[in-house]
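Spelled out from the first residue to the last, the chains are:
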Amino acid sequence: MAEKTSYDVIVVGAGSAGVPVALALAELGVKTLVLDNYASPGQGENKKAIGGIRATHSDPAKILTCLRSLQIFSTWAEQYGDDIEWLKGGYTFPVYREAEEKALKGILPIQKKYGLNIDFYGPEKIREVVPGINGQDLRGGTVSPDDGSASPLRAVNAFYRRAKEMGATFLFKETVEQIMVAQGKVLGVVTKTGTYSAPVVVDAAGPRSRALCRTAGVDVPVTPDSHEAAITEPVKPFFTCMVVDLRPGPDSKNYYFYQNKLGQVVFCITPEPLIVGDDKRETSVFLPQVGSRMVNLLPRLKNLRVRRMWRGLYPMTPDGSPLVGWNKEVEGLLHAAGMCGQGFMLGPGLGEVVARLITGKVTDDDKIILEGFS
């Protein structure tokens, strides 16, 4: 088997996490190789993301990471000229029950402590932000105007081009078969075409993370489950925010939807129970299930025609928190995995944290993030 070039870092996976990691490393001058089994970047679960980007989380690690991601997404076109379809539309969580109102108000202090522009408003504000929303029993809701959306494929390809310009190497249709380990240390990886050497391997393999890490003799608690989504025909914009309805429904938890920069309404639902496994076939259940709930919340949606449906995989961890940091058993193995369906919004900010961790330049905010994601 052929011996290939040596690198400082090998990143496995050219998706929502792997490409931003490679970009951040390349900007710090680290000799970086990215390997992916697909033919181009973002062809795994990245292109299944619906594009929402928010910092309105309930824990400091995600808040800090996504605040940085929002800075990157919102300024990318101005800095580098790529149209990634960024839209500063905000996020709105309308409330119809006391339980959701109490929960959302309960996390406001921590959200504001870490710099979020968010507050709980009365029904009038929610009607203003989401024109035509069902007003019956509407109690109000939270609004975070600085959140937004972008095209996952346009964004990952923009990050990819920038990473290449900065010196990162990408090899596609190159499946990693094994992480090489000797005496408890990473040596590199083995692919079908040969071996690549590096003292650091970054696991950014998404739902394949567990299988990848088992080749290094370690087990990581990342299990995929599938979520279905759809997109409508484009129509004249009539709202901009991501609307998240936290109320449970038949065989489902929350659902969420927004109108993107092109005028298409994109939507998704969280099934209950979760559909564990890697089945990505569309179902006949999804549209009737989510459609009735969406139209009840926002009747103006009833005449829209659905253009396409798909299912993607969420790489889940037991506590719903990403797995980021050095592996405790194998020196040189670093995880950027288990994004739990939030890899697109976490990716740019997380990429910088991982790059600083590798180069020994961790900041105080990084320490909070890494502690939360360990």
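What counts and how
Residues numbered from 1 in each chain as written. Predicted model: local features only at pLDDT ≥ 70, side-chain atom pairs only at ≥ 80, totals over all residues. Heavy atoms only, no water. Helix = DSSP H or I, 4+ residues; strand = E, 2+ residues; numbered from the N terminus. Rg over C-alpha atoms; globule rule 2.2 N^0.38 Å. Contact = heavy atoms within 4.5 Å. Lys, Arg positive; Asp, Glu negative; His and termini not counted. Charge placed at Lys NZ, Arg CZ, Asp CG, Glu CD. Expected span 1.5 Å × (residues − 1). Buried < 20%, exposed > 50% of the residue type's maximum accessible area, 1.4 Å probe, protein only. Core = buried A, V, L, I, M, F, W, Y, C linked by side-chain atoms within 4.5 Å. Axes fitted to C-alpha atoms, helices over the stretch in contact; angles between N-to-C directions. Parallel < 35°, antiparallel > 145°, perpendicular 65-115°, else oblique. Nonpolar A, V, L, I, M, F, W, Y, C, P; charged D, E, K, R; others polar. Phe/Tyr/Trp six-rings, centres within 6.5 Å; stacked < 30°, edge-to-face > 60°. Lys NZ or Arg CZ within 6 Å of the ring centre and 35° of its normal. Salt bridge = Lys/Arg side-chain N within 4 Å of Asp/Glu carboxyl O. Polar contact = N/O pair within 3.5 Å; in protein donor to acceptor, adjacent residues only side chain to side chain.

Within the protein, the regular secondary structure consists of nine helices and 21 strands. A compact globule built from 374 residues would reach a C-alpha radius of gyration of about 21 Å, and the protein, at 21 Å, matches this within 12%. Taken over the C-alpha atoms alone, the protein extends approximately 65 × 45 × 40 Å along its principal axes. Excluding contacts between residues fewer than 6 apart, the proportion of contacts in the protein whose partners are at least 24 apart in sequence is 72%. Charged side chains of the protein number 43 positive and 41 negative; the gap between the two group centres comes to 4 Å.

The next thing to look at is helix 5 (residues 152-165). Here helix 5 spans 20 Å end to end across 14 residues, near enough to the 20 Å set by a 1.5 Å rise per residue. Buried within helix 5 are the following residues: Pro152, Ala155, Val156, Ala158, Phe159, Tyr160, Arg162 and Ala163. Here the buried face of helix 5 lies against helix 1 (18-27), helix 2 (60-80), strand 9 (169-171) and helix 8 (343-359). Immediately beyond the C-terminal end of helix 5, within one or two residues, lies Gly167, with a positive phi of roughly 115°.

With that out of the way, let us pick up the nonpolar core. One finds Ile50, Phe73, Phe170 and Val202 to be the most contacted residues of the largest nonpolar core, which totals 73 residues. For this core, the element with the most residues is helix 8, which contributes nine residues. Among all residues touching Phe73, those that are not within four sequence positions of it are Ile53, Ile84, Trp86, Ala150, Ala155, Phe159, Phe344, Met345 and Pro348.

Next up on the list: the packing of helix 8 against helix 9 (residues 364-373). Contact geometry of helix 8 with helix 9 gives a least axis separation of 11 Å together with a crossing angle of 105°. By the angle class used here, helix 8 and helix 9 are roughly perpendicular. Of the residues in helix 9, those in contact with Leu346, Leu350, Val353, Arg356 and Leu357 of helix 8 are Asp366, Ile369, Leu370 and Phe373. Grouping the constituent residues of the contact of helix 8 with helix 9 by class yields seven nonpolar, no polar and two charged.

Another aspect to go through is the packing of aromatic side chains. According to the stated counting rule, one finds eleven aromatic pairs in the structure shown. A ring pair is formed by Phe267 and Phe286, whose centres lie 5.9 Å apart and whose planes are at 10°; its orientation type is stacked. Of this pair, Phe267 sits in strand 17 (residues 264-271) while Phe286 is found in helix 7 (residues 286-297), placing the two residues 19 residues apart along the sequence. Here the two residues Phe267 and Phe286 agree in accessibility, since each one is buried. Looking at Lys31, its charged tip hangs above the ring of Tyr7, at a distance of 5.3 Å from the centre. Above the plane of the ring of Phe120 lies Lys105, whose end atom (NZ or CZ) is 4.7 Å from the centre.

Under the definition given, this model contains 21 salt bridges. Close ionic contact of Glu101 with Arg139 constitutes a salt bridge, the shortest N to O distance being 2.6 Å. Placement of the pair is Glu101 in helix 3 (residues 98-113) and Arg139 in the loop between helix 4 (123-129) and strand 7 (140-144), with a sequence separation of 38 residues. Taking the shortest distance from any N to any O, the salt bridge between Glu128 and Lys125 comes out at 3.9 Å. On the criterion of helical spacing, the pair formed by Glu128 and Lys125 is a turn pair, its members being three residues apart in helix 4. Residues joined by salt bridges that share partners form a network here, namely Arg68, Glu352, Arg356 and Asp366.

Moving on: the side chain of Ser69. Turning to its location among the elements, Ser69 is positioned in helix 2. Classification of Ser69 by relative accessible area gives buried; the value is 0%. Polar side-chain contacts of Ser69 include one of 3.4 Å to the backbone oxygen of Leu346. Here Ser69 is in contact with Met345, Leu346, Gly347, Pro348 and Gly349, once residues within four sequence places are set aside.

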